[in-house]
Amino acid sequence: MSMASIFRFASRDIAIDLGTANTVVYVKGRGIVMHEPSVVAMEWHNGLRKVRAVGDDAKLMMGKTPENIKTVRPLRAGVIADLEVAEQMIKHFISKAQAGGSRFSSHPEVVISVPSGATSVERRAIRDAVSNAGAGKVSLIDEPMAAAIGAGLPVRDPIGSMVVDIGGGTTEVGVISLQGLAYCESSRVGGDKMDEAIASFVRRNYNLLIGEGTAERVKMEIGAAKRTPESDNISTYVRGRDVARGVPSEIMLTQSQVADAVAEPVARIVHVVRSALEHTQPEIAADVIDVGIMMTGGGSLLREISTVLEYETGLPVRVAEAPLDCVALGAGQTLEDPTFRGALVAF
C-alpha cells in the first residue's frame, strides 16, 4: 500500500451541522461524536485576543464573564458573523472529533450544512472558514436536504416530501424530490427569536431583565406554541434583575404566558411553511398530502408546535426521531453512501 493510500485510509472524514445555537459533528464510520453549543469564550491579554473555552465550557460562562473575557456566538441566523472566531471554533471541533484517530490522519474531507437561503458570499465564508480550520476537501449541503436524508425521507425517489427544519437562527422549509430541492424557503426566525421574545415579555410585563440563558431555560422547561387547558397550571420560577430597583428579583411564569410570548415567532414559522406550500408544484403537493410534513431541528421540540402546524396546513405533521441530529446524520450519509453525493451543492 502506498503512503498516499495510508493517508487517505487514515483520514477521518467529517460532516458538520454548523448551527447558530449548536454544532453537531459526525465522523465517517463512527456516527455522531459531538453535540456542543456554538459558543466561544475569548480572552483579551495585553491587547491580544485568544480562545479561552469552546462549546459546553464556553456556554457555562455566558453572562458571567469578567471584563477581559467575552463569550461570542460566531454565527448569526445560520451564517458566519465573526470569521476569525468561527475558524477557531471549527478547528477545535474538528480536532476534538478526530481525537483518538490515527497519527497518520491527514486533512479530512468535510461536508458542512448551509442554510438554503445563504448567499454565495455567505457560502464562501463558511467554506473558507472550514478550509482554514484544517479541512482538505470541503463540500456544502443545503440544510433542508441534509435534514430530509437524516430523517429517513425517500429523497432519491420520484416522491415529493416536505421537511421543516427549525434551528436556532433559521427555519428552513424544503420540498424534496429525486435528490433535489424542488422548492425551498428560508426565514431568519428560530429558537433564538423565541428566547428574545420571552426576555422581552418578562421585561415588558414584570420590569425584570433576564439573560439569554435564562430565557432559553424557560423555553425548554415550559415553552409551548399554543395554550392548552393545562397551561395555567404549569409554571417555573424566573430570576433576573429588577429594572426599576436595580436588585435581583424572582417571578413565576406560567406556560400560558410563555405561549403568548412566543406567538409572534411561531406565526412567522407557520407563514414560511404555508408560503412554501403555496409555491409547490401540484404533483408534489399531492404527494405531501399523503406523506405529510416532517419536522426536524431543536425548534420542533417546542411543545404543541406540530399541532399548530397541523391545524394551519391541514396536513399530517411528524417530528423526526432525533430532530437535533437529523442535519448532521444526513450530511454524514453523503460520506458513507456514494449514492447520496448528488445531494451536495456544486460551488
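The structure we're discussing is the one just above.
Residues numbered from 1 in each chain as written. Predicted model: local features only at pLDDT ≥ 70, side-chain atom pairs only at ≥ 80, totals over all residues. Heavy atoms only, no water.

Colleague: When you look at helix 11 (residues 305-313) in this model, what are you seeing that I'm missing?
Modeller: Helical geometry: 3.6 residues make up each α-helical turn, so side chains three or four residues apart lie on a common side. Every buried residue of helix 11 is accounted for by I305, V308, L309 and T313. For helix 11, the arc enclosing every buried residue in end-on projection is 110°, short of the 170-degree limit, so these residues lie on one face. The elements touched by buried residues of helix 11 are strand 11 (161-166), helix 9 (263-278), strand 17 (293-296) and strand 18 (317-319). At the exit of helix 11 stands G314, carrying a positive phi of roughly 75°. (Buried < 20%, exposed > 50% of the residue type's maximum accessible area, 1.4 Å probe, protein only. Helix = DSSP H or I, 4+ residues; strand = E, 2+ residues; numbered from the N terminus. Arc of directions from axis to C-beta. Contact = heavy atoms within 4.5 Å.)

Colleague: How should I be thinking about the pattern of salt bridges in this particular structure?
Modeller: Opposite charge on two side chains makes pairing possible when the charged atoms of those side chains draw close. The tally for this structure, following the rule as stated, stands at 18 salt bridges. For the salt bridge of R341 with E109, the shortest nitrogen-to-oxygen distance reads 2.8 Å. Of this pair, R341 sits in the segment after helix 12 (326-336) while E109 sits in the loop between helix 3 (83-97) and strand 9 (110-114), and the two are 232 residues apart along the sequence. We classify R341 as partly exposed; its relative accessible area is 26%. Of the charged contacts, one joins E221 and R217 as a salt bridge, the two residues approaching to 3.1 Å between their closest N and O atoms. With a gap of four residues between them, E221 and R217 both fall in helix 7 (residues 212-222), about one helical turn apart. A residue is classified by how much of its surface remains accessible, and R217, at 30% relative accessible area, is partly exposed. (Salt bridge = Lys/Arg side-chain N within 4 Å of Asp/Glu carboxyl O.)

Colleague: Sorry if this is basic, but what is going on with the environment of A53 here?
Modeller: Within the element layout of this structure, A53 appears in strand 5 (residues 48-54). Taking the C-alpha atoms as reference points, A53 and R274, 221 residues apart in sequence, are found 41 Å from one another. With residues up to four places along the chain from it excluded, the contact list for A53 reads V39, V40, A41, A58 and M61.

Colleague: What is the right way to look at the pairing of strand 2 (residues 22-27) in this model?
Modeller: Where a strand is regular, its side chains alternate between the two sheet faces. Within strand 2, five of the six residues are buried, leaving the element largely enclosed by the surrounding structure. Examined bridge by bridge, strand 1 (residues 14-18) and strand 2 share five bridges and lie antiparallel to one another. By the bridge assignment, D17 is partnered in strand 2 with V24. Pairing analysis gives six bridges linking strand 2 to strand 3 (residues 31-37), with the strands arranged antiparallel. Bridge pairing in strand 3 links V27 to G31. Between strand 2 and strand 3, which pair antiparallel one after the other, the connecting turn spans three residues, and G29 there sits at a positive phi close to 85°. (Pairing = 2+ DSSP bridges.)

Colleague: Can you help me understand helix 3 in this one?
Modeller: Its 15 residues give helix 3 an end-to-end C-alpha distance of 21 Å, which sits within 8% of 21 Å, the value for a rise of 1.5 Å per residue. Along helix 3, the residues classified as buried are V85, A86, E87, M89, I90, F93, I94 and A97. Capping the start of helix 3 is the job of one residue whose side-chain oxygen sits 3.4 Å from the backbone nitrogen of E84: D82. (Expected span 1.5 Å × (residues − 1). Polar contact = N/O pair within 3.5 Å; in protein donor to acceptor, adjacent residues only side chain to side chain.)

Colleague: Got a minute to help me understand the packing of helix 6 (residues 191-206) against helix 7 in this structure?
Modeller: The relative placement of two packed helices comes down to the angle between their axes together with the axis-to-axis distance. Orientation of helix 6 relative to helix 7, taken along the N-to-C sense of each, is 105°, at an axis distance of 8 Å. Classified by the angle between their axes, helix 6 and helix 7 sit roughly perpendicular to one another. Of helix 7, the residues touching helix 6 (which contributes G191, M194, D195, I198 and A199) are A215, E216, V218 and K219. (Axes fitted to C-alpha atoms, helices over the stretch in contact; angles between N-to-C directions. Parallel < 35°, antiparallel > 145°, perpendicular 65-115°, else oblique.)

Colleague: I'm lost on the sheet that holds strand 12 (residues 171-177) in this one. Help?
Modeller: Two orientations exist for strands paired in a sheet by backbone hydrogen bonds: parallel and antiparallel. Taken together, five strands build an open sheet; the order of strands is 13-12-11-17-18 and the sheet is mixed. With partners counted over all chains shown, the strands left at the sheet margins are strand 13 (180-187) and strand 18, one partner each. Shown here is a sheet whose adjacent strand axes are inclined to one another by a mean of 20°, direction ignored. Looking at chain direction, strand 11 and strand 17 are connected through four bridges and run parallel. Bridge assignment links V164 to a residue of strand 17, and that residue is M295.

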